[in-house]
Amino acid sequence: MSAASPSRPAGWFADRPLSVKFGALVAVGTLSLGGLLAATTLGHGAVRDQQQRAEALNDAQELVLQLDTRASELKVDGFKALVRQVPAEQLAELADDVATPEALLDELAQIELTGDSAAAVDALQGSYGEYTDAITAFVNSAVADQAGMRPRWEDIQTANDLTDAAVGEAKDTLQAEAEAAAVELEDTVSRYESIAYLVAAIGFLLLVGLSWLTARSVIRPVRTVQASLEALAEGDLTRATGIRSRDEVGRMADALDRAQTTLREVLDTVAASADAVAASSEELSASSAQISASAGETSAQSGVVATAAEEVSRNVQTVAAGAEQMGASIREIATNAAEASAVAARAVTAAETTTATVAKLGESSAEIGNVVKVITSIAEQTNLLAL
């Protein structure tokens, strides 16, 4: 009555407890999400750095363009000092035009630049300082001797040439690095997007794979146990689960298999006991019939015994009456014997005188002795009959 489905070997993961399986599932999901967030965070950080660098280059470019414009204003200040009726009036405008680029240079110095752009800005700051000094000296000389300085107006262009090259170099360098930073920013965005997609894809695949393993190690055994329980409910005790995993479902399936085996053994024992009881019932039935027949015969024999007992009772009563009569006779004989003994004593006394009489009495005594023996024998037989 026992049967078992083929054993399916359990893998390492299938043997883990359900808490480990679902914990691993949650852990993989958490790690996948964490990896995606880390990649996104790193990408945002790198993109932010690139954006800050690009913004710094753009700000530096804007400041360099303003310095270029201010350089032209300083050159105009030099020409105005040559043509004004009162050259000293140009000093106030010159002071403003010098203060503005100095503020721009200070602002430019606050911008963090690296590489060629930093070198170009440093060179610009040095040459621009020489340029403002040269223009300031030219205007001061024009204020002191306007007529003497007019022939030297080319000194203004010469001073401007000090910064033109530096401004151009700074503009070109900043423009090139700004374009390179834009390209690098795009590359960084694309790279970290690819990393984020890759991390998300790997996490998704790991999550799907682990989910499949978890579902396979839980759903299939549960369905097998369900089928075995349904068969058990229908009276089929041969549908074993065959599950060999050591997780909670596997232990439950093993308990079900052992319960089915025990139940089959119990039913086998009950069936064997039922067969033995049936055979014993048949024997008991035959014995009952035999006892019934014997009881009838015993009843008939009991009637015979009862009749015989009545007859024996009557015989016992008769023997008892005879025994009483025999006892009376014995007592009478004993009395007679006593009297005979007395007579014999008297006869002995009279023996000498009555020999003939004694001889006759001796014969009578012998006869009396025979009678006593007969009476004694009859009494013994009577006693036996009484018993």
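Keep in mind it's a predicted model, so treat the numbers as computed, not measured.

Looking now at the overall build of the chain. Check the secondary structure of the chain and you find 7 helices and 0 strands. Listing the helices and strands of the chain from first to last along the sequence gives α-α-α-α-α-α-α. Within the chain, the fraction of its 387 residues that count as buried is 25%. In the chain, the proportion of contacts linking residues at least 24 apart, taken out of those at least 6 apart, comes to 80%.

This paragraph deals with a negative patch on the surface. Negative charge collects at one region of the surface, where E55, D59, E62 and E107 lie side by side. A per-element tally of the negative patch places helix 1 (residues 18–83) first, with 3 residues. Take E62: it is sitting in helix 1. The class for E62 is partly exposed, based on a relative accessible area of 47%.

Within soluble globular proteins, side chains that are nonpolar generally end up buried alongside one another. Within the largest apolar cluster, 37 residues are counted, with the highest numbers of intra-cluster contacts made by L108, L113, L124 and I135. Elements with a minimum of two residues in this core: helix 1, helix 2 (90–110), helix 3 (115–144) and helix 5 (154–233). With residues up to four places along the chain from it excluded, the contact list for L108 reads A60, L63, V64, L67, V121, L124 and Q125.

To describe a pair of aromatic rings, one takes the distance between the centres and the angle between the planes. The final tally for this structure, using the stated rule, is 2 aromatic pairs. Judged by centre distance (6.3 Å) and plane angle (40°), the ring pair of F79 and W153 falls under tilted. Of the two residues, F79 is situated in helix 1 and W153 in the loop between helix 4 (146–149) and helix 5; the sequence distance between them amounts to 74 residues. According to the relative accessible area criterion, F79 is partly exposed, its value standing at 32%. With a centroid separation of 5.9 Å and an interplanar angle of 85°, the aromatic rings of Y128 and Y131 are classed as edge-to-face. Of this pair, Y128 and Y131 are both found in helix 3, 3 residues apart, which corresponds to roughly one turn of the helix. Of the residues examined, Y131 reaches a relative accessible area of 0% and is grouped as buried.

Topologically, A120 is positioned in helix 3. Look at A120 and you get buried, because its relative accessible area is 6%. Separated by 54 residues in sequence, A120 and L174 place their C-alpha atoms 8.3 Å apart. Every residue in contact with A120, bar those within four places of it in the chain, is listed here: E169, A170 and T173.

So, about the packing of helix 2 against helix 3. Between helix 2 and helix 3, whose axes approach to 11 Å, the crossing angle comes to 170°. Here helix 2 lies roughly antiparallel to helix 3, going by the angle between them. Counting all contacts with helix 2, which are made through L91, L94, V98, P101, L105, L108 and A109, the residues of helix 3 involved are V121, L124, Q125, Y128, I135, T136, V139, N140 and V143. Class assignment for the residues of the contact of helix 2 with helix 3 results in 13 nonpolar, 3 polar and no charged.

It is worth spelling out a nonpolar patch on the surface at this point. Together, L263, V266, L267 and V270 make up a nonpolar patch on the protein surface, roughly 300 Å² of accessible area in all. The topology assignment puts V270 in helix 6 (residues 248–349). V270 gets classed as partly exposed once you look at its relative accessible area, which sits at 48%.

What follows covers the confidence of the model for the chain. Any segment with low pLDDT has predicted coordinates that should not be analysed in fine detail. On average, residues of the chain score 76 in pLDDT, and 79% of them reach the 70 mark or higher. The spread of mean pLDDT over the elements of the chain runs between helix 6, the lowest at 68, and helix 2, the highest at 86. Within the model, the stretch residues 1–8 combines pLDDT values under 50 with 22 contacts to residues more than four positions away or in other chains.

A word on the pattern of salt bridges. Summed over all chains, the structure comprises 6 salt bridges. With a closest N to O distance of 3.0 Å, K80 and E93 form a salt bridge. Taken together, the residues span a long stretch of sequence, with K80 in helix 1 and E93 in helix 2 at a distance of 13 residues. Judged by relative accessible area, which is 29%, K80 ranks as partly exposed. Ionic pairing is found between R84 and E93, a salt bridge with its closest N-O pair at 3.5 Å. Given a relative accessible area of 27%, E93 falls into the partly exposed group. Residues participating in the shared-partner salt-bridge network are K80, R84, E89 and E93.

Moving on: the side chain of E177. Mapped onto the fold, E177 is located in helix 5. Setting aside its immediate chain neighbours within four residues, E177 contacts R53, L57, T114, G115, D116 and S117.

Over its 21 residues, helix 2 extends 31 Å from the first C-alpha to the last, a length consistent with the 30 Å expected when each residue adds 1.5 Å. When we look at burial in helix 2, the residues that qualify are Q90, L94, D97, V98, P101, L104, L105 and L108. Relative to the axis of helix 2, the buried residues are bounded by an arc of 120° and lie together on one face. Opposite its buried face, helix 2 presents the exposed residues A92, D96, D106 and Q110, each directed more than 90 degrees away.

Thresholds applied
- Residues numbered from 1 in each chain as written.
- Predicted model: local features only at pLDDT ≥ 70, side-chain atom pairs only at ≥ 80, totals over all residues.
- Heavy atoms only, no water.
- Helix = DSSP H or I, 4+ residues; strand = E, 2+ residues; numbered from the N terminus.
- Buried < 20%, exposed > 50% of the residue type's maximum accessible area, 1.4 Å probe, protein only.
- Contact = heavy atoms within 4.5 Å.
- Patch = residues over 30% accessible without salt bridge, like charges linked within 9 Å, V, L, I, M, F, W, Y side chains within 5 Å.
- Areas by Shrake-Rupley, 256 points an atom, 1.4 Å probe, with all protein chains shown as cover.
- Salt bridge = Lys/Arg side-chain N within 4 Å of Asp/Glu carboxyl O.
- Lys, Arg positive; Asp, Glu negative; His and termini not counted.
- Charge placed at Lys NZ, Arg CZ, Asp CG, Glu CD.
- Core = buried A, V, L, I, M, F, W, Y, C linked by side-chain atoms within 4.5 Å.
- Phe/Tyr/Trp six-rings, centres within 6.5 Å; stacked < 30°, edge-to-face > 60°.
- Axes fitted to C-alpha atoms, helices over the stretch in contact; angles between N-to-C directions.
- Parallel < 35°, antiparallel > 145°, perpendicular 65-115°, else oblique.
- Nonpolar A, V, L, I, M, F, W, Y, C, P; charged D, E, K, R; others polar.
- pLDDT = per-residue confidence, 0-100.
- Expected span 1.5 Å × (residues − 1).
- Arc of directions from axis to C-beta.

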